[in-house]
Amino acid sequence: LLSQTDAACFAAKELGGNRICSSDHKTEIVMAHTESMQWAVRIRSALSRGDFELFCQEIRSFKSEGRHGREIEILLRLRDPDSGAIFSPALFMPSVERFDLGTRIDRHVIELVFDWMESHPDEAQTISSCSINLTAATMQDHGFTDYLRGRFTRSSFPASKIIFEITETSAVTNLGHAQTMI
């Protein structure tokens, strides 16, 4: 009942506010919100249990001239601890953004990347660039720059090899702060 009430309030707010939204467990918007809330709970648990996994995708150019080392992009996946199923970000990123979990996810990914690079120095030396996606929430996080500077300082992996990308679905609301961070 509380979940349905929360979903109905959220639906009314999403529809512009200042309105009444009635629902039951079969209402589409309530079902969507409930599913999104379930993903948020699952994401928080996954962060604490370490259920997120990184996959590496090599970036290859049609022209190999002037290339030295491997260029990679880091891909985040969520592994279900019970079934072992692997979930694509397309399933959980909308909830990450809706429930303001982007900064936590981004910091977690950065930690995983640097931990791996530092524990596999021979492999890390073969990498010329490593792309990591960031959410818009991270671009707005005033503490992120200090966190990142500290993480780069503690790392043996060169900061010059890291490329940050802002996800396509993200909207940066404070361009001034984003420019300063960049």
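Residues numbered from 1 in each chain as written. Predicted model: local features only at pLDDT ≥ 70, side-chain atom pairs only at ≥ 80, totals over all residues. Heavy atoms only, no water.

Participant: Explanation requested: the overall build of the chain in the structure shown.
Facilitator: Across its full length, the chain carries 8 helices and 5 strands. Ordered by position from N to C terminus, the α and β elements of the chain give α-α-β-β-β-α-α-α-β-α-α-β-α. Within the chain, the proportion of its 182 residues that are buried is 37%. Only carbon and sulfur atoms are counted for the fraction: they give 54% of the accessible area of the chain, which is about 11,200 Å². (Helix = DSSP H or I, 4+ residues; strand = E, 2+ residues; numbered from the N terminus. Buried < 20%, exposed > 50% of the residue type's maximum accessible area, 1.4 Å probe, protein only. Areas by Shrake-Rupley, 256 points an atom, 1.4 Å probe, with all protein chains shown as cover.)

Participant: Explain the packing of aromatic side chains to me, please; I cannot follow it from the model alone.
Facilitator: The geometry of an aromatic ring pair is captured by the separation of the ring centres together with the interplanar angle, meaning the angle of the planes. One pass over the structure, following the stated rule, counts 6 aromatic pairs. For the ring pair W39 and F87, a centre distance of 5.5 Å and an interplane angle of 85 degrees mean the geometry is edge-to-face. With W39 in helix α2 (residues 28-49) and F87 in strand β3 (residues 86-87), this pair connects stretches of sequence that are 48 residues apart. A relative accessible area of 17% means that F87 is categorised as buried. For the pair F52 and F92, a centre-to-centre distance of 5.6 Å together with 65 degrees between the ring planes defines the contact as edge-to-face. Taken together, the residues F52 in strand β1 (residues 52-59) and F92 in helix α3 (residues 89-98) connect sequence positions 40 residues apart. (Phe/Tyr/Trp six-rings, centres within 6.5 Å; stacked < 30°, edge-to-face > 60°.)

Participant: Hey, could you run me through the pairing of strand β2 (residues 70-79) in this one?
Facilitator: Note on strand geometry: in a regular strand, side chains alternate between the two faces of the sheet. Direction of pairing for β1 relative to β2: antiparallel, over a ladder of 8 bridges. Residue pairing across strands places Q57 opposite E73, the latter belonging to β2. Looking at chain direction, β2 and strand β4 (residues 127-134) are connected through 4 bridges and run parallel. Residue pairing for β4: I72 is matched across the bridge by C130. Bridging between β2 and β3 involves 2 bridges; their strand directions are antiparallel. Bridge pairing in β3 places L78 opposite F87. With antiparallel pairing between neighbouring strands as the criterion, β2 and β3 make up a hairpin whose turn holds 6 residues, including G84 at a positive phi of roughly 80 degrees. (Pairing = 2+ DSSP bridges.)

Participant: Which parts of the structure should I look at to understand the pattern of salt bridges?
Facilitator: Side chains bearing opposite charge may pair, as long as their charged atoms lie close to each other. In the structure shown here, the tally under the stated rule is 11 salt bridges. Here D80 ties to R42 by a salt bridge, and the two come within 2.5 Å at their closest N and O atoms. Here D80 is found in the loop between β2 and β3, whereas its partner R42 is found in helix α2, with 38 residues between them in sequence. According to the relative accessible area criterion, D80 is buried, its value standing at 10%. One connected set of salt bridges, linked through shared partners, spans E111, D115, E118, R151 and R154. (Salt bridge = Lys/Arg side-chain N within 4 Å of Asp/Glu carboxyl O.)

Participant: Looking at this model, I keep getting lost on the confidence of the model for the chain. Mind explaining?
Facilitator: The predicted structure's coordinates, where accompanied by low pLDDT, should not be read in detail. With 84% of its residues at a pLDDT of 70 or more, the chain has an overall mean of 85. Within the chain, helix α8 (residues 175-181) has the poorest average pLDDT of any element, 68, and β3 the best, 96. (pLDDT = per-residue confidence, 0-100.)

Participant: Teacher, can you tell me more about the nonpolar core here?
Facilitator: Grouped burial of nonpolar side chains is what soluble globular proteins tend to show. Ranked by internal contacts, the top residues of the largest apolar core, which has 32 residues, are I43, F52, F92, I105, M117 and C130. Those elements that provide at least two residues to this core are α2, β2, α3, α4 (102-119), β4 and α7 (144-154). With 6 residues, α4 is the single largest residue contributor to this core. Sequence-distant contacts of M117, defined by excluding residues within four places in its chain, comprise I72, A124, I127, C130 and F157. (Core = buried A, V, L, I, M, F, W, Y, C linked by side-chain atoms within 4.5 Å. Contact = heavy atoms within 4.5 Å.)

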